[in-house]
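Results of the structural survey
Chain by chain, the residues run as shown.
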Amino acid sequence: MKIINLISDMQKESLAARLAKKTVGFVPTMGFLHEGHATLIEQARKENDIVVLSIFVNPLQFGQNEDFDAYPRDIARDEKIARELGVDYLFYPTIEEMYKEDRTTLITVEKRVDVLCGKKRPGHFDGVATVVMKLFQIVMPTQAYFGMKDAQQVAVIEGLISDYHLTVQLVRVNTIREEDGLAKSSRNVYLTPKEREEAPAIHQALQLGKSRLEQGASISETKEFVENYIKEHTASEIDYVEIYSYPNLKEVKEPRDGESLILAVAAKFSRARLIDNIVFSYTKGEN
Ligand code: AMP
């Protein structure tokens, strides 16, 4: 595995691979790798000649009072994991390398961001779209792998790819969970033992909520049920419980059979804000 810090070096390697007609699978991450990331890397490994993993904690996507400084980092461990998973190139740039002082543009995301985390974290998806656009230009992937745990991010990047006629193909990867259902996340290390015990209630609430909705509960009844379930089973503070169409993230008054929906939650524990969701095709009478 080659570790690359410079944009120009990464571009040289990627260009050579593309000119040699090789497929390049790309997995962008912020590091502190866990099995969720590993699944994306493994899938990229199976489906491509070359695999590029990037690790970059992108300051542009963190708000002023968010956890940029506290975001967990362990590059030595990540390097080892990446090597074991058969990554060809680990792209690990500095902030100075990625954001030159004289930069002149930023991408603004106009749709799919007035809800969920976009609403709660203003500017977050502008930062995500900007860094992902840059990374796509640097890595020149044929396929890029994104986890559905961050479903709004997937919706935003799909919009970006379509708007800018990018040739990269986005591959959606299902959320990887702990045995008790908690979505794997780098931020789970910040849960206290008690919070870690409670946290699987989020996924339970989502599954139960989906069943209720498909059994005929209204959107607002379902949201209320999910919220109450999480309140009863955890000491977290709920940031949002929402249901929208997916990937357009538009309000749904009454779901139609076969409509793609997202039921999404964000909940704040003492030191970690966790998000989770399920995206499903609404089937009336299911379960
Ligand atoms: P992050 O390092 O948190 O920015 O995540 C990098 C990529 O891994 C994103 O595409 C995430 O959606 C994905 N990812 C993170 N956690 C999971 C998970 N539990 N299951 C699937 N993908 C995940």
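These numbers were taken from a predicted model, which means no experiment stands behind them.

Looking now at the nonpolar core. Among the nonpolar cores identified, the biggest contains 50 residues, and Val-52, Phe-91, Met-98 and Phe-136 are the most heavily contacted of them. For this core, the element with the most residues is helix 6 (residues 124–139), which contributes ten residues. A domain split of this core shows at least three residues from each of domain 1 (2–173) and domain 2 (186–281). Residue contacts for Phe-136: discarding those within four places in its chain leaves Phe-26, Pro-141, Ala-144, Phe-146, Ile-157, Ile-161, Leu-166 and Val-168. Listed in part, the 28 residues of the second largest apolar core include Leu-182, Ala-205, Leu-206 and Phe-225.

A word on the sheet that holds strand 8 (residues 260–268). The pairing of strands in a sheet happens through backbone hydrogen bonds and is either parallel or antiparallel. Here three strands make up an open sheet; going across it, the order is 7-8-9 and the pairing antiparallel. The sheet terminates laterally at strand 7 (237–245) and strand 9 (273–281), the two strands that pair on one side only. Each strand of the sheet is rotated relative to its neighbour by a mean of 10°, with strand direction disregarded. In the sheet, strand 7 pairs with strand 8 via eight bridges, with the strands oriented antiparallel. Bridging across to strand 8, Ile-238 finds its partner in Ala-267.

Relative orientation of the contacting elements helix 1 (residues 7–19) and helix 6 amounts to 55°, with a least axis distance of 7 Å. In this view, helix 1 runs oblique relative to helix 6, as classed from their interaxial angle. Two secondary-structure elements touch here, helix 1 through Ile-7, Met-10, Gln-11 and Ser-14 and helix 6 through Gln-137, Ile-138 and Val-139. A class-by-class count of the residues in the contact of helix 1 with helix 6 yields four nonpolar, three polar and no charged.

Moving on: unusual backbone geometry. Cis rather than trans, the peptide bond between Tyr-246 and Pro-247 has omega equal to 10°. Relative to the helices and strands, Pro-247 resides in the loop between strand 7 and strand 8. A positive phi is found at Phe-32, a non-glycine position, where the angle reads about 55°. A positive phi angle is found at Leu-249, which is not glycine, with a value near 60°. Tracing the backbone through its elements, the reader meets Leu-249 in the loop between strand 7 and strand 8. In this structure Leu-249 comes out as buried when scored by relative accessible area, which is 4%.

With that out of the way, let us pick up the pairing of strand 9. Most of strand 9 sits inside the fold, with seven of its nine residues counted as buried. Two strands pair when backbone bridges link them, and strand 8 and strand 9 are joined in this way by nine bridges, in the antiparallel orientation. When the sheet's bridge partners are listed, Ala-267 is paired in strand 9 with Leu-274. Count of turn residues in the strand 8/strand 9 antiparallel hairpin: four residues.

This part takes up the domain arrangement of the protein. Frequently, the measure chosen for interface size is the accessible area that the parts lose on association. Assigned domains of the protein: these are domain 1 (2–173) and domain 2 (186–281). One C-alpha centre belongs to domain 1, the other to domain 2, and the line joining them spans 26 Å. In this complex, domain 1 contributes 24 residues to the contact, which on the side of domain 2 involves 18 residues. Between domain 1 and domain 2 the total buried area reaches about 1900 Å² when both faces are included, carbon and sulfur atoms providing 58% of it. Between domain 1 and domain 2 we count two salt bridges in total. Across the salt bridge formed by Asp-67 and Arg-187, the nearest N and O atoms sit 2.8 Å from each other. Those elements giving two or more residues to the side of domain 1 that touches domain 2 turn out to be helix 5 (116–120) and helix 7 (151–163). Per-element accounting of the side of domain 1 that touches domain 2 gives the leading share, five residues, to helix 7. Class assignment for the residues of the side of domain 1 that touches domain 2 results in twelve nonpolar, four polar and eight charged.

Quick notes on the rules
Throughout, residues of each chain are indexed from 1 in the direction in which the sequence is written. Local features in this predicted model are restricted to residues of pLDDT 70 or higher, and side-chain atom pairs are both shown and tallied only at a pLDDT of 80 or more, whereas totals for entire chains, interfaces and linings draw on every residue. Only hydrogens and water are set aside; all other atoms, that is, all heavy atoms of the structure, feed into the side-chain values. Here, the term nonpolar core denotes a set of buried Ala, Val, Leu, Ile, Met, Phe, Trp, Tyr and Cys residues that are joined through side-chain atoms within 4.5 Å. We call a residue buried when its accessible area falls under 20% of the maximum for its residue type, exposed when it is over 50%, and partly exposed in between, using a 1.4 Å probe and counting protein chains only. Numbering of helices and strands runs from the N terminus; a helix is a DSSP stretch of H or I covering at least four residues, while a strand is a stretch of E covering at least two. Domain segmentation is taken from an automatic or database assignment of domains. Note on definitions: a residue-residue contact is assigned when non-hydrogen atoms from the two residues lie within 4.5 Å. Only when DSSP finds a minimum of two bridges between them are two strands counted as paired. Convention adopted: a line fitted to C-alpha atoms gives each axis, helices being fitted over their contacting stretch, and angles between N-to-C directions are expressed from 0 to 180 degrees. Should an angle fall under 35 degrees it is called roughly parallel, over 145 degrees roughly antiparallel, and 65 to 115 degrees roughly perpendicular, with every other angle called oblique. Each residue receives one of three labels: charged for Asp, Glu, Lys and Arg, nonpolar for Ala, Val, Leu, Ile, Met, Phe, Trp, Tyr, Cys and Pro, and polar for the others, Gly being one of them. Accessible area that two parts lose when put together, evaluated with a 1.4 Å probe and summed over both, is termed the buried area. For salt bridges, the criterion is a side-chain nitrogen of Lys or Arg within 4 Å of an Asp or Glu carboxyl oxygen.

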